[in-house]
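Structural overview for review
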Amino acid sequence: MDGFWALMSSSLPKGPYGIFTPGLKLLKGVVRRKVQKMLMCQGYGRNTSAEIFQIAQDDLRAISSYLEDKPYLMGPKPTKVDAWMFGHLSQVIYINLDNPHKKFIQSECPNLIAYVNRIRDAFFPEWESLFVKT
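Below: a short report on this structure. (Residues numbered from 1 in each chain as written. Predicted model: local features only at pLDDT ≥ 70, side-chain atom pairs only at ≥ 80, totals over all residues. Heavy atoms only, no water.)

Digging into the side chain of Lys102
- Following the sequence through the fold, Lys102 ends up in helix H5 (residues 100-108).
- Nearest to the buried, unbridged Lys102 among oppositely charged side chains is Asp98, at 8.3 Å. (Helix = DSSP H or I, 4+ residues; strand = E, 2+ residues; numbered from the N terminus. Buried < 20%, exposed > 50% of the residue type's maximum accessible area, 1.4 Å probe, protein only. Lys, Arg positive; Asp, Glu negative; His and termini not counted. Salt bridge = Lys/Arg side-chain N within 4 Å of Asp/Glu carboxyl O.)

Comments concerning helix H3 (residues 49-67)
- Compared with an ideal rise of 1.5 Å per residue, which puts 19 residues at 27 Å, H3 spans 27 Å between its outermost C-alpha atoms and is within 8% of the ideal.
- Taken together, the buried positions of H3 are Ile52, Ala56, Gln57, Leu60, Ile63, Ser64 and Leu67. Buried positions in H3, seen along its axis, are confined to an arc of 135 degrees and lie on one side of it.
- After H3 finishes, the residue Glu68 shows a positive phi value of roughly 45 degrees. (Expected span 1.5 Å × (residues − 1). Arc of directions from axis to C-beta.)

Regarding the nonpolar core
- Core analysis: the largest hydrophobic core is formed by 18 residues, its most contacted members being Leu60, Leu89, Ile105, Leu112 and Tyr115.
- Of all elements in the fold, only H3, helix H4 (80-94), H5 and helix H6 (110-123) reach the threshold of two or more residues within this core.
- Top contributing element to this core by residue count: H4, with 5 residues.
- For Leu60, the contacting residues outside a window of four places in its chain are Leu89, His101, Phe104, Ile105, Cys109 and Leu112. (Core = buried A, V, L, I, M, F, W, Y, C linked by side-chain atoms within 4.5 Å. Contact = heavy atoms within 4.5 Å.)

Focus: H5
- Along H5, the residues that are buried comprise His101, Lys102, Phe104 and Ile105. An end-on view of H5 places all buried positions within 160 degrees of arc, on one side of the element.
- The residue sitting at the N-terminus of H5 and contributing the capping side-chain oxygen is Asn99; that oxygen lies 2.7 Å from the backbone nitrogen of His101. (Polar contact = N/O pair within 3.5 Å; in protein donor to acceptor, adjacent residues only side chain to side chain.)

Below you can see the structure in the form of structure tokens.
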């Protein structure tokens, strides 16, 4: 899914994140530059933020449209494709960050939230007990 790279590019920190030690600031800069280089090599780094967001929206709409009201992408039983999709979508849906892709999914593709929750409930019943609510 090319949308993975679009989601990755929007997750890069753009401002101060509180108080960091000098070592953490340096590490953050190194990681940010490495991810930016990967995005440039892959091709997404050559697009504007608006273009990247539009690509991700198009991908999310396509997935949502294909899923419609099916329980899983390939039918009534989950497959490896669903496991893969859960891995990508859950990062956007469950991580507590202000992310434009998350807002888009909430407003335009609510069936993707139900889909990810369905997979979570079926395969990770202990999910809620593993995480601290913030």
